[in-house]
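Below are the chains, spelled out letter by letter.
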Amino acid sequence: MTDPISDLLTRIRNAIQAGHSKVDVGYSKMKAEIVRLLREEGYINNYKVTGDGCKRTIRIYIRYAQSSEPAIHHLSRVSRPGRRVYVNVSKIPRPLNGLGTCILSTSCGILTGKEAYQKRVGGEVLCLVY
């Protein structure tokens, strides 16, 4: 697999379209950080790392509203292995004029766009969520 982050986002999108309440993805530190940020921003209910060694997986519990409307309406990969997208602090994207979330990989770790702006660091734009 050439792009594990894209695989993570695609699995979440597919689970939402199929109406599943949870989805399992392979574990990596970067995926775990992205999922942690999605939970902190309120896009998913929770996540749990299961297994041990090289057999670890992340189980993601998807959040739905009372009317079976998913909390995630749009989930897209920005920077890909074929085309990396880097931004400085003044060019950090603000999806839906700040109502959405931008996830960046910075020198301070994986951060949301708001956290990166507060810390005054730029980085690689991983994905947009709203």
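Draft legend 1. Looking closely at the nonpolar core. Core analysis: the biggest nonpolar cluster contains 26 residues, and Ile12, Ile34, Leu38, Ile60, Ile72 and Ile103 have the highest contact counts within it. Those elements that provide at least two residues to this core are α1 (4-18), β1 (22-26), α2 (29-40), β2 (44-50), β3 (57-62) and β8 (123-129). Among the elements that line this core, the one with the most residues is α1, at six residues. Excluding anything up to four places from it in sequence, Leu38 contacts Ile12, Tyr43, Ile44, Ile103 and Val129. Among the nonpolar cores identified, the runner-up in size contains eleven residues, and Ile92, Cys102, Leu111 and Leu128 belong to it.

Draft legend 2. Structural view of the state of the cysteines. In this structure the tally under the stated criterion is zero disulfides. Counting only cysteine sulfurs, Cys127 is the nearest neighbor of Cys102, a cysteine outside any disulfide, at a range of 7.6 Å. You can call Cys102 buried: its relative accessible area is 3%.

Draft legend 3. Summary view of the packing of α1 against α2. Two numbers describe how α1 lies on α2: the axes approach to 10 Å, and their chain directions differ by 40°. Viewed along their axes, α1 and α2 adopt a mutual orientation that is oblique. α1 and α2 meet at a crossing whose hand is right-handed. Counting all contacts with α1, which are made through Pro4, Ile5, Leu8 and Ile12, the residues of α2 involved are Met30, Lys31, Ile34, Val35 and Leu38. Per-class residue counts for the contact of α1 with α2 are eight nonpolar, no polar and one charged.

Draft legend 4. Broad picture of α2. Between its terminal C-alpha atoms α2 stretches 16 Å, which fits the 16 Å expected from twelve residues at 1.5 Å a residue. Among the residues of α2, Lys31, Ala32, Ile34, Val35, Leu37 and Leu38 are the ones counted as buried. Positive phi appears at Gly42, one or two residues downstream of α2, with a value of about 90°.

Draft legend 5. Focus on the environment of Leu111. Here Leu111 lies in strand β7 (residues 109-112). Through-space distance from the C-alpha of Leu111 to that of Val121 is 9.7 Å; in sequence the pair is ten residues apart. The contact partners of Leu111, leaving out residues within four places of it in the chain, are Leu37, Cys102, Ile103, Leu104, Thr106, Ala116, Lys119 and Val121.

Definitions and cut-offs
Residues numbered from 1 in each chain as written. Predicted model: local features only at pLDDT ≥ 70, side-chain atom pairs only at ≥ 80, totals over all residues. Heavy atoms only, no water. Core = buried A, V, L, I, M, F, W, Y, C linked by side-chain atoms within 4.5 Å. Buried < 20%, exposed > 50% of the residue type's maximum accessible area, 1.4 Å probe, protein only. Helix = DSSP H or I, 4+ residues; strand = E, 2+ residues; numbered from the N terminus. Contact = heavy atoms within 4.5 Å. Disulfide = S-S within 2.5 Å. Axes fitted to C-alpha atoms, helices over the stretch in contact; angles between N-to-C directions. Parallel < 35°, antiparallel > 145°, perpendicular 65-115°, else oblique. Left-handed = near helix turned anticlockwise from the far one by under 90°. Nonpolar A, V, L, I, M, F, W, Y, C, P; charged D, E, K, R; others polar. Expected span 1.5 Å × (residues − 1).

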